[in-house]
Amino acid sequence: MAQRIFSKEDFTKNNEREYQLEYNISEIGEGSDLIVERRTEKGDYEIIQPPLRKSNDKVFIIWDTPFDGRILFDL
């Protein structure tokens, strides 16, 4: 599996006042095999299930607060 690391600073606020990460579908796939993990205070990762939204060629990962983490996906 491939991975993409992200930080709190990578999130943007959308019109619904939620925080989101934006990726092209060509970067991470369509989301069917997507795993999102949040980094804990201990430095480990925990799997979370954030809402995903698709629009055109984009996938948006939504959460109520920004966090450090990673995305695991099949190429």
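Rules behind the numbers
Residues numbered from 1 in each chain as written. Predicted model: local features only at pLDDT ≥ 70, side-chain atom pairs only at ≥ 80, totals over all residues. Heavy atoms only, no water. Helix = DSSP H or I, 4+ residues; strand = E, 2+ residues; numbered from the N terminus. Buried < 20%, exposed > 50% of the residue type's maximum accessible area, 1.4 Å probe, protein only. Contact = heavy atoms within 4.5 Å. Areas by Shrake-Rupley, 256 points an atom, 1.4 Å probe, with all protein chains shown as cover. Lys, Arg positive; Asp, Glu negative; His and termini not counted. Charge placed at Lys NZ, Arg CZ, Asp CG, Glu CD.

S.K.: Got a minute to help me understand the overall build of the protein chain in this structure?
M.R.: Looking only at helices and strands, the protein chain features one helix and eight strands. In the protein chain, the order of α-helices and β-strands from amino to carboxyl end is β-β-β-α-β-β-β-β-β. Its C-alpha atoms put the protein chain at 35 × 30 × 20 Å along the principal axes. Considering the protein chain as a whole, with its 75 residues, one finds that 32% of them fall into the buried category. Of the contacts formed within the protein chain by residues at least 6 apart in sequence, a portion of 68% connects residues at least 24 apart. Of the roughly 5200 Å² of accessible surface on the protein chain, 41% is carried by carbon and sulfur atoms. Positive and negative side-chain charges of the protein chain, numbering 11 and 16 respectively, have mean locations separated by a distance of 4 Å.

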